[in-house]
Structures are given as C-alpha cells and as structure tokens.
Amino acid sequence: MALKVHHLRPAPGAHTEAKRVARGEGGKGGKTAGRGTKGTGARKNVPENFEGGQMPLHMRTPKMRGFQNPFKVSYQVVNLTRLAEVFPSGGQVGVDDLVAKGLVRGNKLVKVLGTGELSVKLDITADAFSASAKEKIEAAGGTVTER
C-alpha cells in the first residue's frame, strides 16, 4: 500500500494539549494560574523582552552606523614616483623588496598606481596594477606580473 499524505501522523507525544489554567480553584493551575502572588506579572501581561526596567537590548544597541562589506578587498598603494626614487637603477622588484625598503607593510595586498613618471626599466611583481601604471611601466621597457 502506498503512503499518502492523509496517512501521516505526528509522533506520539509530539503534540500536547495546551494547559488550561485559571478554571477554578480546584486542582493544578487554579487561583493564581502559575503567575505567583501579586506584582506586575500577576496583574497584567508583561512582554517577554521586558528586562525589569533595565535599558532594553533594542535600545542599548547602536543604530545607523553604516555597512561594513565583509568581501571588500583593500590594497596598499605604491606610486611610480616612489618606485623611481627607491629603485633608481631599475631591475626586478617584488613585494618583498617593497617591504624591505619600507614602502608597504608585509602580509597585505599591494597595488601599483600610475602617478608620476618612470624612466628606468622595472620588472614589477605585485597584486594589482592600475591601467596607467601598466602603460607607463611597459613604455619604460619593464614588465608587469600579478602574483
């Protein structure tokens, strides 16, 4: 016999009847109906999120503080002017060389920007290059490699 939707039943004990309180003084749940004696909770409905007069969580938390994109990629930038100053003889330049010369910090992404002029041949390895930086490096006879 095929199983059909009308054959499905909840597991035994999964659905229990709601407890009917305050139905006379006899038996469990009578008189104060599980609310204790006197006090605000006994007299009227108190919201579940009420914190007894303490500043509520929804009012304690800061609001309207903007949005932090968790996928944002930020680079340390180096301009061609600085590269020309620090490496006047040209040659191979990698991120490790930039860190050693103090142009950038280690363990972060590096982007070369095209501000300034470049007259020496530099073979540069970095994480990213602007279009103008690529043009100027290749015009000076150098090469661009993204790591």
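As shown above, the structure is provided for reference.
Keep in mind that this is a model prediction, so the values were computed, not measured.

1. Quick notes on the overall build of the protein chain
Counting secondary structure elements, the protein chain contains 5 helices and 6 strands. The secondary structure elements of the protein chain, listed N-terminal to C-terminal, are α-α-β-α-β-α-β-β-β-α-β. On C-alpha atoms alone, the protein chain measures out to a radius of gyration of 36 Å, which is more than a quarter above the 15 Å that the 2.2 N^0.38 rule sets for 147 residues. Overall, the protein chain is about 100 × 60 × 25 Å in size when its C-alpha atoms are taken along their principal axes.

2. Considerations on the pairing of strand S1 (residues 76-79)
The alternating pattern of S1 places Gln76 and Val78 on a buried face and Val77 and Asn79 on a face that is not buried. Bridging between S1 and strand S3 (residues 110-113) involves 4 bridges; their strand directions are parallel. Within the sheet, the bridge partner assigned to Gln76 lies in S3 and is Val110.

3. With respect to a nonpolar patch on the surface
A surface patch of nonpolar side chains, amounting to about 330 Å² of accessible area, comprises Val73, Tyr75, Val77 and Leu109. Examined against the element boundaries, Tyr75 turns out to sit in the loop between helix H2 (57-60) and S1. On the basis of relative accessible area, Tyr75 is assigned to the partly exposed category, the value being 36%.

4. Topic: the sheet that holds strand S6 (residues 143-146)
With respect to topology, 3 strands assemble into an open sheet ordered S2-S4-S6, the strand pairing being parallel. Two strands in the sheet have a free side with no partner beyond their single neighbour: strand S2 (91-93) and S6. Strand-to-strand twist of the sheet, defined as the mean angle between neighbouring strand axes without regard to direction, takes the value 10 degrees. As paired elements, S2 and strand S4 (residues 122-126) share 3 bridges and run parallel to each other.

5. What to know about unusual backbone geometry
Positioned with a positive phi, Ala33 is a non-glycine residue whose angle comes to about 55 degrees. Locating Ala33 in the fold gives a position in the segment before helix H1 (40-43). Take Ala33: its relative accessible area is 18%, and that puts it in the buried class.

6. Some words on the nonpolar core
Core analysis: the biggest nonpolar cluster contains 20 residues, and Leu83, Phe87, Leu98, Val112, Leu122 and Ile124 have the highest contact counts within it. The set of elements that each furnish at least two residues to this core consists of helix H3 (80-86), helix H4 (95-101), S3, S4 and helix H5 (131-139). Once you skip the residues sitting within four places of it in the chain, Val112 turns out to touch Val78, Leu80, Leu83, Ile124, Ala126, Ala128, Phe129, Ser130, Ala133 and Ile137.

7. What about the pairing of S3?
Going residue by residue along S3, you find Val110 and Val112 tucked away on one face and Lys111 and Leu113 left uncovered on the opposite face. Sheet topology note: the S3/strand S5 (residues 128-129) ladder contains 2 bridges and is parallel. Looking at the pairing, Lys111 lines up with Ala128 of S5.

8. Concerning the sheet that holds S3
Taking strand neighbours across the sheet as the criterion, the 3 strands line up as S1-S3-S5 in an open arrangement whose pairing is parallel. Both outer strands of the open sheet, S1 and S5, are each paired with one neighbouring strand and no more.

Rules and cut-offs
- Residues numbered from 1 in each chain as written.
- Predicted model: local features only at pLDDT ≥ 70, side-chain atom pairs only at ≥ 80, totals over all residues.
- Heavy atoms only, no water.
- Helix = DSSP H or I, 4+ residues; strand = E, 2+ residues; numbered from the N terminus.
- Rg over C-alpha atoms; globule rule 2.2 N^0.38 Å.
- Buried < 20%, exposed > 50% of the residue type's maximum accessible area, 1.4 Å probe, protein only.
- Pairing = 2+ DSSP bridges.
- Patch = residues over 30% accessible without salt bridge, like charges linked within 9 Å, V, L, I, M, F, W, Y side chains within 5 Å.
- Areas by Shrake-Rupley, 256 points an atom, 1.4 Å probe, with all protein chains shown as cover.
- Salt bridge = Lys/Arg side-chain N within 4 Å of Asp/Glu carboxyl O.
- Axes fitted to C-alpha atoms, helices over the stretch in contact; angles between N-to-C directions.
- Core = buried A, V, L, I, M, F, W, Y, C linked by side-chain atoms within 4.5 Å.
- Contact = heavy atoms within 4.5 Å.

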